[in-house]
Amino acid sequence: MSAIISVEQLEKTYSGGFQALKQVDLEIRAGEIFALLGPNGAGKTTLISIICGLVTPSAGRVMADGHDIVRDFRAARSKIGLVPQELATNAFEQVIATVRFSRGLFGKPPNEAHIEKVLRDLSLWDKRHTPTMELSGGMKRRLMIAKALSHEPRILFLDEPTAGVDVELRRDMWNMVRHLRESGVTIILTTHYIEEAEEMADRIGVINHGRIILVDDKASLMKTLGRKELRLTLQEPLQALPDALADTELELADEGYQLIYRFDVQDDHAHISDLLGRLGEAGIQYRDLQTRESSLEDIFVDLVHREQEVSA
Amino acid sequence: MNYYSIRAIYIFEMSRTFRTLLQSIATPVISTCLYFVVFGSAIGSQMMDIDGVSYGAFIVPGLVMLTLLMQSVTNASFGIYFPKFNGTIYEVMSAPISYIEIVIGYVGAAATKSVVLGLIILLTARLFVDYQIDHPIWMFSFLILTAITFSFLGFIIGIWADGFEKLQIVPMMVVTPLTFLGGTFYSIDMLPPFWQGVTLLNPVVYLVSGFRWAFYGTSDVHIAISLAMTLGFLAIFIALTWWIFKTGYKLKS
């Protein structure tokens, strides 16, 4: 798949001396949902802000849909829609007026049919004549998305789109993002909610301390870095593992009432039946058995933690 | 030139005026009319003529200029400050629009509002004071030129300001005193020689004097000097605006 955004050796050092991005290389494929994960201050917003023209890069180059974002900023920016993290709306203007403004600002001729479609898709049509200050937080967030979509962008940046949004609305927003992707829009989202990335993203990039530490397909990331956990609840507590099981990687937990076994997702599962057989031979009775696959959150925490250990 | 972008900013800014007609138009018109009533109709009849012009008529150009300067600075500074304040400036900064187009949109809208207001005040003054306009084209051109020039100043203030207090400082603490002391209510010939010299350091003198010349054909300083000074201010403010965008001052990190 071709790259719709390519970032090459991008660096940003703020005037105070803080280096927010260090030699960032990244390619976003056309038509994908890309999730950029990272702890606070990792450089996510700086990266997005540079691509959208809000922050000047210190070095490096960014191409958006084949256009250099600095030299050919008009063509590049007209392809991009941005929904920033902070809720920012004009308090007194009507919803529809602010969406019309956004479309015009991005150089597009008036198109009432498109504006109606965007407002309807985001369930804001009934509120079109309402002053924006009377909207709820969730509606304001949707209005910002409507404004970003008003000029029919090919690339949409969502910076923490569901921060402070209730569960139901978050689900609606996920559905909306999927519909957008189906219509051919490439979506790049940053998020703190790993669940969100796990739910929606095709590919995931992890950024920490201004460096991209990993970019991979979500599925292969989960496969290669994911772990599984088998948890057995015992009928009688064990003081220690019997010698016959000393060569296994079993761990005792919950004051001897639980046995935990962790293994890679890719591992052949056959050895679990061996393990259970050996437990039976050792006379260990269990009354419950659970398995759990590690979440993207576990993978992410592990990655960032490892990176911090390396840099320390 | 990105026509739709400029149009979007211009219409958005103008719509704020129409939404707040009372504050944008009625308030400045009423407060200026009070001057015409008090100094023009009431006290004016007791004052002697200046340069052959009745006192009520003499103060008309200065008062129009006072409102024009105040409104240009206030409108333009508020127009760009408000998106900075509420955070919506991100949209303008990420749009496929050049700095020149941003300036045309904001400064153009602010100047338009000031010119419209200036003309309304001029028409309203006619109800209280009998005045003439010897050079209407000059008068109109000077009105537009001054509105644009001081809308640029307002734009610069709006970008510089990081609070509503700073937004008010320049119009209230600088523009108003300079206008009152810039020959709005008197001819500078009436001052002692020393204060005449000091007054010539006040830039507003050249604006009021030039504007008054368009009405009555008489002025404190030559019309060519007034015009040159106004164009000079415009050049300074354009250069400052250019510097702001070139460096991203308070707009881009």
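As the structure is a prediction and not an experimental result, all values here were calculated from the model. (Residues numbered from 1 in each chain as written. Chains lettered and ligands numbered in written order. Predicted model: local features only at pLDDT ≥ 70, side-chain atom pairs only at ≥ 80, totals over all residues. Heavy atoms only, no water.)

Time to look at the UniProt feature "domain: ABC transmembrane type-2" (unreviewed entry) in chain B. Here the UniProt feature "domain: ABC transmembrane type-2" (unreviewed entry) sits at residues 19–248 of chain B. Segment residues 19–248 of chain B splits into 78% helix and 0% strand. End C-alpha atoms: 31 Å apart. (UniProt positions renumbered as here; feature names shortened; annotations may be inferred. Helix = DSSP H or I, 4+ residues; strand = E, 2+ residues; numbered from the N terminus.)

Once that is clear, we can look at the UniProt feature "transmembrane region" (unreviewed entry) in chain B. Residues and elements named next belong to chain B. Under the local residue numbering, the UniProt record ascribes the feature "transmembrane region" (unreviewed entry) to residues 21–43, 55–82, 103–125, 137–157, 169–188, 194–215 and 222–245. The span residues 103–125 is 100% helix and 0% strand, and its two end C-alpha atoms sit 32 Å from each other. Taken as a whole, residues 137–157 contains 100% helix and 0% strand, while its terminal C-alpha atoms sit 30 Å from one another.

So, on to the UniProt feature "domain: ABC transporter" (unreviewed entry) in chain A. The feature "domain: ABC transporter" (unreviewed entry), as annotated in UniProt, sits at residues 5–234 of chain A in this numbering. The annotated region residues 5–234 of chain A carries 35% helix and 30% strand content, and the separation between its end C-alpha atoms amounts to 53 Å.

Moving on: the pattern of salt bridges. Residue and element names in this part refer to chain A. A full pass over the atoms with the stated rule returns 23 salt bridges over all chains. Of the charged contacts, one joins Glu8 and Arg61 as a salt bridge, the two residues approaching to 3.7 Å between their closest N and O atoms. Placement of the pair is Glu8 in strand S1 (residues 3–13) and Arg61 in strand S4 (residues 59–64), with a sequence separation of 53 residues. Residue Glu8 is classed as partly exposed on the basis of its relative accessible area of 34%. Classification of Arg61 as partly exposed rests on a relative accessible area of 35%. The salt bridge involving Glu251 is made with Arg262; its shortest N-O contact spans 2.9 Å. Pair noted here: Glu251 is in strand S12 (residues 251–253) and Arg262 is in strand S13 (residues 258–264), with a separation of 11 residues, a long-range link. Linked by salt bridges that have partners in common, Glu229, Arg231, Glu251 and Arg262 make up one network. (Salt bridge = Lys/Arg side-chain N within 4 Å of Asp/Glu carboxyl O. Buried < 20%, exposed > 50% of the residue type's maximum accessible area, 1.4 Å probe, protein only.)

Let us now look at the packing of aromatic side chains. Considering all chains together, one arrives at 26 aromatic pairs over all chains under this definition. Plain terms: the ring middles of B:Phe78 and B:Phe82 are 5.2 Å apart, the flat faces sit at 15 degrees to each other, and that makes the pair stacked. Pair noted here: B:Phe78 and B:Phe82 are both in helix H3 (residues 55–86), with a separation of 4 residues, about one helical turn. Under the relative-accessibility criterion, B:Phe78 is labelled partly exposed at 27%. Between B:Phe82 and B:Phe85, the aromatic rings sit 6.1 Å apart at their centres with planes inclined by 25 degrees, giving stacked as the arrangement. One end of the pair is B:Phe82 and the other is B:Phe85, both in helix H3 and 3 residues apart, which spans about a single turn. The buried category is assigned to B:Phe82, whose relative accessible area is 14%. One aromatic cluster is present, formed by A:Phe92, B:Phe78, B:Tyr81, B:Phe82, B:Phe85 and B:Phe164 through successive ring pairs. Positioned above the aromatic ring of A:Trp125 is the side chain of A:Arg128, whose terminal nitrogen or guanidinium carbon lies 4.0 Å from the ring centre. (Phe/Tyr/Trp six-rings, centres within 6.5 Å; stacked < 30°, edge-to-face > 60°. Lys NZ or Arg CZ within 6 Å of the ring centre and 35° of its normal.)

Further remarks concern empty space enclosed by the protein. Taken as a whole and assessed by the stated rule, the structure comprises 4 cavities of 30 Å³ or more. One number sums up the size of the largest cavity: a volume of about 50 Å³. Taken together, A:Gly81, A:Leu82, A:Phe106, A:Lys147, A:Ala148, A:His151, B:Tyr90, B:Glu91 and B:Ser94 make up the lining of the largest cavity. Taken together, the elements giving at least two residues each to the lining of the largest cavity come down to strand S6 (80–83) and helix H5 (137–149) of chain A together with helix H4 (89–93) of chain B. Broken down by class, the residue content of the lining of the largest cavity amounts to 4 nonpolar, 3 polar and 2 charged. (1 Å grid on protein atoms, 1.4 Å probe; cavity = no way out; pocket = protein on both sides within 12 Å on 5 of 7 lines; lining within 4 Å. Points joined across faces, edges and corners; volume = space filled by probe spheres on them. Nonpolar A, V, L, I, M, F, W, Y, C, P; charged D, E, K, R; others polar.)

For the rest of this paragraph, the subject is helix H9 (residues 203–216) of chain B. All names here are of chain B. Its 14 residues place the ends of H9 21 Å apart at the C-alpha level, agreeing with the 20 Å of an ideal helix rising 1.5 Å per residue. The buried count for H9 comes to 13 of 14 residues, which makes it a mostly enclosed element. Taking the backbone nitrogen of Val204 as reference, a side-chain oxygen 2.9 Å away marks Asn202 as the first, capping residue of H9. Just beyond H9, the residue with positive phi is Gly217, at close to 75 degrees. (Expected span 1.5 Å × (residues − 1). Polar contact = N/O pair within 3.5 Å; in protein donor to acceptor, adjacent residues only side chain to side chain.)

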